[in-house]
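For reference, the chains in residue letters:
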Amino acid sequence: MLPIVVIVGRPNVGKSTLFNRLTRSRDAIVHDQPGITRDRHYGKGKVGRKAYLVVDTGGFEPVATEGIYHEMARQTRQAVDEADIVLFMVDARAGLTAQDRIIGDELRKSGRRVHVVVNKAEGMQPENAAAEFHELALGDPLTIAAAHGENVTDLIDLVLADSPDAEEQREDDSKQPRIAVVGRPNVGKSTLVNALIGEERVIVFDQPGTTRDSIYMDFEWDGRPYTLIDTAGMRKRGRMEEAAEIFSVVKTMQAIADANVVVLVLDAKQEISEQDAHIAGFILEAGRALVLAVNKWEAADSHQRDRIKGHIDRKLNFLSFARLHFISALAGQGIGAVMKSVDAAYAAAMSKLPTPKLTRALIEAIAQQHPPRAGYGRPKLRYAHQGGSNPPRIIIHGTQLQHVPDSYRRYLERFFREAFKLQGTPLKVELKTGRNPYV
């Protein structure tokens, strides 16, 4: 499981700035007016040596009893309850405030791993900036300047030092495939899970949001053991009204990262939404093998069936590597075909690709289509080898590869996928240019 890092603190101490720095994004609005962040923002950490999920919270005012600040405090408490690590941000320029003391007391009682992060410490001696925050009795304060990125990488490496690497986590039980069932609320995820395990292990109800947390279950199919993960439905942020429901999105992202294969469930009676594409995009970013299952096929009329097929072609065309099935989880129709595709996708994701075969395939691909010229020369792709699995990574070495366009990289991905029959899994092609010894 990817660790969850939650950023908390009073308003305007730089929580959203740190979130944007850790995720290398601008998802969280940054402004010098307190209280800008009201809902939680979440994303995959991209700074540091280890993988993790990071959550930005609104300004924490524990004493608020009503209004928006009371709701923000309620959501922050929920985030802390679900956190593995809490980063308690304070302001070096403002110094230790009475509100910081109140937040510190509450975090101390939470039982979570809390690290005091002293922000806005640029131009200050670290010892002087952190001195008065020792009074919080939450360990040695860590000084950073989130706006400038100072000490941010050191901070995240330090707080995650005891967390296992993502690769180590997946290797622990790699012999037993982990299948995450994801999708929007009320598309039939729990019904599909119950159909697979042959008993009613998870609640099935027609009200969206019944599943609040990710549920892990071991089961066998045709004599082979699997771990099945039923996840909460991912909704649009604007419709997430309850704190528990908001945080279920983070749990779903965590389950996707923890899985080997993801079954994305769509509803045949509904249109493909931006949220479906958002979920699919995160699966692709996480590099997980994928199977598409369009549920409630028996209840859809011919117009709805044609519409869903057209929407998949237009809005999810970037998932062309995944196998598509039209199923009825309630009636148990098409479940066996889904599991066959799961097995095929898992095998493709875990494929071992010998270097000689990869290099021969690379030579054949170049013979069919040369990379475009760059100035007076042409990039030279010399040999390829496998750099990892789940998803398969193919590393190509050569010269002037920085000039290879993305369109040619995509051509190579398609070629390797067809050559090695890697249906059902994303494929990553990385280009590495050799160092010129005469420079």
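Since the model is a prediction, treat every value here as computed from it, not as a measurement.

Participant: Whenever I open this one, the overall build of the protein chain confuses me. Can you help?
Facilitator: Scanning the protein chain from terminus to terminus reveals 13 helices and 15 strands. Out of the 439 residues in the protein chain, the part that is buried amounts to 52%. Contacts spanning at least 24 positions in sequence make up 71% of the contacts within the protein chain whose residues lie at least 6 apart. As displayed, the protein chain has an accessible area near 20,500 Å², and 47% of this comes from carbon and sulfur atoms.

Participant: Would you take a moment to explain the sheet that holds strand β5 (residues 113-119) for this structure?
Facilitator: Consider a sheet: its strands pair through backbone hydrogen bonds, and that pairing is either parallel or antiparallel. With respect to topology, six strands assemble into an open sheet ordered β2-β3-β1-β4-β5-β6, the strand pairing being mixed. Because the sheet does not close on itself, it has two edges, and the strands there are β2 (41-44) and β6 (142-143). Bridging between β2 and strand β3 (residues 53-56) involves four bridges; their strand directions are antiparallel. Among the inter-strand pairings, H41 is bridged to a residue of β3, identified as D56.

Participant: Would you mind showing me how to read the sheet that holds strand β13 (residues 380-388) here?
Facilitator: With mixed pairing, three strands are arranged side by side in an open sheet as β13-β14-β15. With one partner strand each, in any of the chains shown, β13 and β15 (428-433) form the two edges of the open sheet. In this sheet, adjacent strand axes meet at a mean angle of 25° when their direction is disregarded. Looking at chain direction, strand β14 (residues 393-399) and β15 are connected through six bridges and run parallel. Paired with G398 across the two strands is T433, which belongs to β15. Sitting on the sheet, helix α12 (residues 355-368) touches β13 and β14, and the angle it makes with β13 is about 140°.

Participant: What am I meant to see in the nonpolar core here?
Facilitator: Buried together is how nonpolar side chains tend to be arranged in soluble globular proteins. Membership of the largest hydrophobic core comes to 58 residues, with the highest contact counts inside it found for F88, L264 and L290. Considering each element in turn, this core owes the most residues, six residues, to helix α8 (residues 243-258). Contact partners of L264, with chain neighbours within four places excluded, come to V182, G183, D276, I279, A280, I283, L290, V291, L292 and A293. Among the nonpolar cores identified, the runner-up in size contains 26 residues, and V187, I197, A289 and A293 belong to it.

Participant: Where do I start with the pattern of salt bridges in this structure?
Facilitator: Pairing of side chains with opposite charge becomes possible as their charged atoms draw close. Applying the stated criterion across every chain yields a total of 12 salt bridges. Taking the shortest distance from any N to any O, the salt bridge between R77 and E106 comes out at 2.5 Å. One end of the pair, R77, is in helix α2 (residues 67-82); the other, E106, is in helix α3 (residues 98-110), and 29 residues separate them in sequence. Between D343 and R224 there is a salt bridge, and its shortest N-O distance comes to 3.3 Å. Linking D343 in helix α11 (residues 335-349) with R224 in strand β9 (residues 224-230), this pair joins segments that are 119 residues apart in sequence. Since its relative accessible area comes to 30%, R224 is described here as partly exposed.

Participant: Please clarify how the side chain of N260 should be interpreted in this entry.
Facilitator: As for its position among the elements, N260 is in the loop between α8 and β10 (261-267). A polar contact of 2.9 Å, which involves the side chain of N260, links it to the backbone nitrogen of R178. Here N260 is in contact with Q176, P177, R178, R288, A289, Y346, M350 and N390, once residues within four sequence places are set aside.

Participant: I tried to follow the confidence of the model for the protein chain on my own but got confused; where do I start?
Facilitator: The predicted model of the protein chain has a mean per-residue pLDDT of 84, with 84% of residues at 70 or higher. Scored below 50 in pLDDT, residues 29-39 makes 27 contacts in the model with residues more than four places away or belonging to other chains. Here residues 203-212 scores under 50 on pLDDT; set against residues more than four positions off or in separate chains, the count is 24 contacts.

Participant: When you look at the packing of aromatic side chains in this model, what are you seeing that I'm missing?
Facilitator: According to the stated counting rule, one finds five aromatic pairs in the structure shown. Centroid distance Y408 to Y411: 5.3 Å. Interplanar angle 45°. Geometry classified as tilted. One end of the pair, Y408, and the other, Y411, are both in helix α13 (residues 406-420), three residues apart, so they sit about a helical turn from each other. For the pair formed by Y408 and Y411, the shared burial category is buried. The ring of F326 has K309 sitting right over it, with the charged end atom 5.5 Å from the ring centre.

Participant: Which parts of the structure should I look at to understand α12?
Facilitator: Since the α-helix advances by 3.6 residues per turn, residues separated by three or four positions end up pointing in the same direction. Over its 14 residues, α12 extends 20 Å from the first C-alpha to the last, a length consistent with the 20 Å expected when each residue adds 1.5 Å. For α12, the set of buried residues is L358, T359, A361, L362, A365 and I366. Buried residues in α12, looked at end-on, bunch into an arc of 160°, giving them a common side. Looking at α12, the residues exposed on the side facing more than 90 degrees away from the buried face are R360, I363, A367 and Q368.

Participant: So what exactly am I meant to see when it comes to the environment of D84 here?
Facilitator: Position of D84 among the secondary structure elements: in the loop between α2 and β4 (85-91). Along the sequence, D84 and R113 sit 29 residues apart, while their C-alpha atoms lie 6.8 Å from each other. In this structure D84 touches L2, P3, I4, R113 and Q254, once residues within four positions along its chain are discounted.

Participant: Help me understand the environment of I396, please; the structure alone is not making it clear to me.
Facilitator: One can find I396 in strand β14. Judged by relative accessible area, I396 falls into the buried class, the value being 0%. Residues I396 and H385, spaced 11 residues apart in sequence, show a C-alpha to C-alpha distance of 6.7 Å. Among all residues touching I396, those that are not within four sequence positions of it are L362, L381, Y383, A384, L401, L412, F416, V429, E430, L431 and K432.

Reading guide: rules and limits
Residues numbered from 1 in each chain as written. Predicted model: local features only at pLDDT ≥ 70, side-chain atom pairs only at ≥ 80, totals over all residues. Heavy atoms only, no water. Helix = DSSP H or I, 4+ residues; strand = E, 2+ residues; numbered from the N terminus. Buried < 20%, exposed > 50% of the residue type's maximum accessible area, 1.4 Å probe, protein only. Contact = heavy atoms within 4.5 Å. Areas by Shrake-Rupley, 256 points an atom, 1.4 Å probe, with all protein chains shown as cover. Pairing = 2+ DSSP bridges. Axes fitted to C-alpha atoms, helices over the stretch in contact; angles between N-to-C directions. Core = buried A, V, L, I, M, F, W, Y, C linked by side-chain atoms within 4.5 Å. Salt bridge = Lys/Arg side-chain N within 4 Å of Asp/Glu carboxyl O. Polar contact = N/O pair within 3.5 Å; in protein donor to acceptor, adjacent residues only side chain to side chain. pLDDT = per-residue confidence, 0-100. Phe/Tyr/Trp six-rings, centres within 6.5 Å; stacked < 30°, edge-to-face > 60°. Lys NZ or Arg CZ within 6 Å of the ring centre and 35° of its normal. Expected span 1.5 Å × (residues − 1). Arc of directions from axis to C-beta.

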